[in-house]
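Results of the structural survey
Each chain, letter by letter, is given below.
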Amino acid sequence: MDDIFCKIIRKEIPKEFIYESENLVAFEDINPSADVHILIVPKQHIESIRDVKSEHGQLLTEVYQAVNKLVTDNNLENGLYRVVVNGGKAQHVPHLHFHLLGGQWKKMV
Ligand code: DGP
């Protein structure tokens, strides 16, 4: 696939990963909408929520475990965070991704 996140995952575009596992990467959003703005992206190309199948259950559990780790690592346990799920042709990047937004919000994602 040719979307920007697939290129980042394949390391065709250099990017420092905050977190990487067999199935996920996480990195800072290029255009932050909050004090903490991290993207958690499955390596598997799933275009959007509409393409999620029951076989992705373990992957989605891993996503939320990674979110939990990043919440702890960024001292967000006080609850000042939100997770926004995006992906799809009508959005900017057609590759399922999870925005972790913490602290003060500057704008909508
Ligand atoms: P959306 O599909 O609306 O969730 O927007 C995509 C998000 O991905 C947006 O917050 C900006 C971010 N983004 C797009 N391209 C890059 C990139 O090359 N590097 C990084 N770090 N973030 C990107």
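You'll find the structure just up there.
This text gives an overview of the structure that appears in the document. (Residues numbered from 1 in each chain as written. Predicted model: local features only at pLDDT ≥ 70, side-chain atom pairs only at ≥ 80, totals over all residues. Heavy atoms only, no water.)

Some remarks on unusual backbone geometry
In plain terms, the rule: A run of DSSP states H or I qualifies as a helix once it reaches four residues; a run of E qualifies as a strand once it reaches two. Both are numbered from the N-terminal end. Each residue is assigned to one of three classes by its accessible area relative to the maximum for its type, calculated with a 1.4 Å probe on protein chains only: buried under 20%, partly exposed between the two thresholds, exposed over 50%.
A positive phi angle, near 65°, is found at K11, a position not held by glycine. Here K11 shows up in the loop between helix 1 (4-9) and strand 1 (19-20). Looking at K11, the relative accessible area reads 53%, which means it is exposed. For N75, which is not glycine, the phi torsion reads 55° and is therefore positive. Relative to the helices and strands, N75 resides in the loop between helix 2 (57-73) and strand 4 (81-86).

Here we look at the site of the ligand
Rules: Near residues are defined by distance, with any heavy atom within 4 Å of the molecule or strand qualifying the residue. Whenever two N or O atoms come within 3.5 Å, that pair is a polar contact, provided that in protein one can donate a hydrogen and the other can accept it, and provided that, for residues adjacent in sequence, both atoms are side-chain atoms. Accessible surface area values rest on a Shrake-Rupley calculation with a 1.4 Å probe, where residue burial reflects the displayed protein chains alone. Three classes are used: nonpolar for Ala, Val, Leu, Ile, Met, Phe, Trp, Tyr, Cys and Pro, charged for Asp, Glu, Lys and Arg, and polar for all others, with Gly counted as polar.
Taken together, the neighbourhood of the ligand is formed by 15 residues, with E28, D29, N86, H97 and H99 sitting nearest. E28 has a polar backbone atom sitting 2.8 Å from a nitrogen atom of the ligand. Considering the ligand on its own, with 510 Å² of exposed area, one finds that the protein chains cover 85% of that surface. It is helix 1 that provides the largest number of residues to the shell around the ligand, a total of three residues. Residues belonging to the shell around the ligand are distributed by class as follows: seven nonpolar, five polar and three charged.

A short note on the packing of aromatic side chains
How two aromatic rings sit relative to each other is set out by the distance from centre to centre and by the angle between their planes. Stated formally: Each Phe, Tyr or Trp ring (for Trp, its six-membered ring) is paired with any other whose centre lies within 6.5 Å, and the angle between the two planes then decides the class: stacked below 30 degrees, edge-to-face above 60, tilted in between.
All told, the structure shown has three aromatic pairs when counted by the stated rule. Relative to F27, the ring of F5 lies with its centre 5.8 Å away and its plane at 70°, an arrangement referred to as edge-to-face. Of this pair, F5 sits in helix 1 while F27 sits in strand 2 (residues 24-28), placing them 22 residues apart in sequence. In this structure, F5 and F27 share a single accessibility class: buried. Taken together, the aromatic side chains of F5, F17 and F27 make up a single cluster linked through ring pairs.

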